[in-house]
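# An overview of the molecular structure
Spelled out, the chains give:
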Amino acid sequence: MKSLRRVLGGVAMTATIAALSVSLAAPARAADERPPTPDSVNRVIPHAPYPVSARARALHATIPVADLHADPLLWNRDLLIRNNIGHIDIPRLEEGGFALQDFSVVSKSPRSANYVKTDASDGDVMADRARREHWPRKTWNSVLQRALYGADKLKGIEKRSHGRLRIVRTKGDLRRSLHDHVIAGILLSEGAHPLEGKLSNIKVMYDGGFRVLGLQHFFDNELGGSLHGESHGGLTPFGKAVIPRAEKQGLIIDVAHSSEAVVFDTVAIAKRPIIVSHTGIKGYCDTPRNVSDAALKAVADHGGLIGVGYWDAAVCEPTMKNVTEAIVYAVKLLGAEHVALGSDFDGGVAMPFDASEMAGLTSSLLDAGLDEKTVKMVMGENAIRFFSTYLPSK
Ligand SMILES: [Zn+2]
């Protein structure tokens with residue numbers, strides 16, 4: 001974390017080649033879903049309780065809170081009990097008023113993953129972990145099997161939740177979850193490397209329960225360049241072949257972590273809207289992790305949804321004030337209907353609040369001048385509408 005802050009500070013303060021070369025010489029370890037570190041890295045920064053006005057409390061009670069990206073599946077704690085570490089578990093999602101949460105599955109992460117230039121061939125901490133933690137042997141050498149194993153982890157939690165969490169795969173599943181006031185969980189793959197270069201694995205991922213397919217994570221893969229990779233290239237021929245097949249299968253495309261060239265290529269060929277599940281906005285906070293205003297605008301203009309994150313590399317300072325300002329900036333830039341929450345809770349990052357404290361964000365957004373309709377849209381309605389439209393019918 002220290003080295004990450006040094007890079008962010010260096011880039012923000014001087015933006016010189018010299019500063020960048022320092023960061024390249026000693027790549028910043030990125031926390032944004034980079035395991036395995038102790039769960040204690042998922043700190044909640046100590047703070048006084050956030051004020052919640054009476055108006056905010058009343059409004060929050062009417063909002064189906066929805067979030068496009070969180071990583072509790074990376075860790076080994078029990079999500080059915082209220083933990084005093086990390087950001088998310090079922091009790092805290094319920095306290096926060098959540099109706100929907102996307103659960104990310106990380107299947108490969110190079111040892112020196114960093115926001116600036118990650119070498120894809122530099123080992124794989126997820127493969128190391130599969131061995132060390134005695135995951136099924138088939139996961140040891142297969143990115144696909146590790147993704148499916150991650151999906152199975154959420155299925156186990158669903159089963160043990162006795163109806164408090166439901167993995168939704170279809171529009172009907174989501175409708176029923178909303179009706180029954182059960183938290184809807186959607187499985188998201190952090191990168192499409194689990195396809196292992198085969199179009200036929202799109203169906204395998206779909207059958208495994210995934211409904212959101214990220215294209216890249218920290219490194220360039222078979223589909224194209226990562227935002228943090230070496231090539232910064234666009235979609236490869238394989239990547240171009242995946243998009244229509246994945247859309248036809250019923251998967252929603254996520255370009256969080258993709259190079260900007262991949263973002264523009266994807267918008268050009270995708271028939272359906274896409275999402276950026278967790279990001280910051282360069283025009284608000286200029287870090288190597290964040291996406292340019294132009295690329296995010298292209299996603300929004302294509303009908304897509306942008307999830308604003310809460311951690312340091314996304315909003316510069318992980319504070320309620322900065323998260324609020326980043327969301328207000330996104331609403332002005334992209335239009336209220338294209339902005340959602342993309343916390344990156346439990347992504348190996350320190351957060352200004354946890355999932356139980358979402359009413360504080362509702363209150364802060366109202367105090368910042370957003371009208372009630374806009375706050376409801378950003379806090380959940382946009383994401384609910386999006387998945388109600390683009391999840392498969394059956
Ligand atoms: Zn991520």
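Cut-offs and rules
Residues numbered from 1 in each chain as written. Predicted model: local features only at pLDDT ≥ 70, side-chain atom pairs only at ≥ 80, totals over all residues. Helix = DSSP H or I, 4+ residues; strand = E, 2+ residues; numbered from the N terminus. Rg over C-alpha atoms; globule rule 2.2 N^0.38 Å. Buried ≥ 20, exposed ≤ 12 C-beta atoms within 10 Å, placed from the backbone. Core = buried A, V, L, I, M, F, W, Y, C linked by C-beta atoms within 7 Å. Contact = placed C-beta atoms within 7 Å. Expected span 1.5 Å × (residues − 1). Pairing = 2+ DSSP bridges. Axes fitted to C-alpha atoms, helices over the stretch in contact; angles between N-to-C directions. Parallel < 35°, antiparallel > 145°, perpendicular 65-115°, else oblique. Left-handed = near helix turned anticlockwise from the far one by under 90°. Nonpolar A, V, L, I, M, F, W, Y, C, P; charged D, E, K, R; others polar. pLDDT = per-residue confidence, 0-100. Right-handed = clockwise from strand over helix to strand, strands pointing away.

### Describing the overall build of the protein chain
- Across its full length, the protein chain carries 15 helices and nine strands.
- Here the C-alpha atoms of the protein chain give a radius of gyration of 19 Å, agreeing with the 21 Å that 2.2 N^0.38 yields for 394 residues.
- Overall size of the protein chain, expressed as C-alpha extent along the three principal axes, is 55 × 50 × 40 Å.
- Across the 394 residues of the protein chain, 55% fall into the buried class.

### A short note on the nonpolar core
- If you look at the biggest cluster of nonpolar residues, it comprises 114 residues, and the most contacted ones within it are Ile253, Val299, Ile306, Ile327 and Val378.
- At nine residues, helix 15 (residues 372-390) tops the list of elements feeding residues into this core.
- Residue contacts for Ile327: discarding those within four places in its chain leaves Val308, Val339, Leu365 and Val378.

### Regarding helix 11 (residues 293-301)
- Here helix 11 has its buried residues at Ala295, Leu296, Ala298, Val299 and Ala300.
- Buried positions along helix 11 lie against helix 10 (260-269), strand 7 (275-279), strand 8 (305-308) and helix 13 (320-334).
- Just past helix 11, the residue Gly303 takes up positive phi, approximately 95°.

### Some points on helix 9 (residues 237-249)
- With 13 residues, helix 9 ought to run about 18 Å at 1.5 Å a step, and its terminal C-alpha atoms sit 19 Å apart, in line with that.
- For helix 9, the secondary structure elements touched by its buried residues are helix 8 (201-207), strand 5 (210-214), strand 6 (252-254) and helix 10.
- With its phi angle positive at about 110°, Gly250 sits one or two positions after the end of helix 9.

### So, the pairing of strand 8
- Burial of strand 8 is two-sided: the residues Leu305 and Gly307 facing one way and the residues Ile306 and Val308 facing the other way are all buried.
- The pairing of strand 7 with strand 8 spans three bridges and is parallel. Bridged to Val276 within strand 8 is Ile306.
- Across three bridges, strand 8 lies against strand 9 (residues 339-341) in parallel orientation.

### Considering the environment of Ala54
- Along the chain, Ala54 falls in helix 3 (residues 54-60).
- The exposure class assigned to Ala54 is exposed, which follows from the 8 C-beta atoms found within 10 Å.
- Linking Ala54 and Ser363, residues 309 residues apart in sequence, is a C-alpha distance of 8.9 Å.

### Looking at the packing of helix 10 against helix 11
- Put simply, helix 10 and helix 11 touch, their axes get as near as 10 Å, and they point 20° apart. The angle between helix 10 and helix 11 falls in the class roughly parallel. Pair helix 10 / helix 11 crosses with left-handed handedness. Along its contact with helix 10, which presents Glu260, Val263, Phe264 and Val267, the element helix 11 presents Ala295, Ala298 and Val299.
- The residue inventory of the contact of helix 10 with helix 11, partitioned by class, reads six nonpolar, no polar and one charged.

### Some details on the environment of Gly150
- Looking at the element boundaries, Gly150 is found in helix 6 (residues 143-160).
- Placed 110 residues apart in sequence, Gly150 and Glu260 show a C-alpha to C-alpha distance of 28 Å.
- Aside from chain neighbours lying at most four places away, what touches Gly150 is Leu73, Val105 and Ser107.

### Let's talk about the environment of Val308
- Tracing the chain through its elements places Val308 in strand 8.
- With 30 C-beta atoms counted inside 10 Å, the residue Val308 sits in the buried group.
- Taking the C-alpha atoms as reference, Val308 lies 8.0 Å from Ile281; in sequence the two are 27 residues apart.
- Those residues in contact with Val308 that lie beyond four places of it in its chain are Ala326, Ile327, Ala330, Val339, Leu341 and Gly342.

### Considering the confidence of the model for the protein chain
- Averaged over the protein chain, the pLDDT score is 91; the fraction of residues at 70 or greater is 90%.
- The low-confidence segment residues 1-28, where pLDDT is below 50, has 37 contacts with residues more than four positions distant or belonging to other chains.

### Re the pairing of strand 1 (residues 65-70)
- Of all six residues in strand 1, six are buried; the element is thus mostly enclosed.
- Here four bridges tie strand 1 to strand 2 (residues 98-105), and the two strands are oriented parallel to one another. When the bridges of strand 2 are listed, Val65 appears paired with Phe98.
- Following the chain from strand 1 across helix 4 (residues 90-96) to the adjacent parallel strand 2, one finds a crossover that is right-handed.

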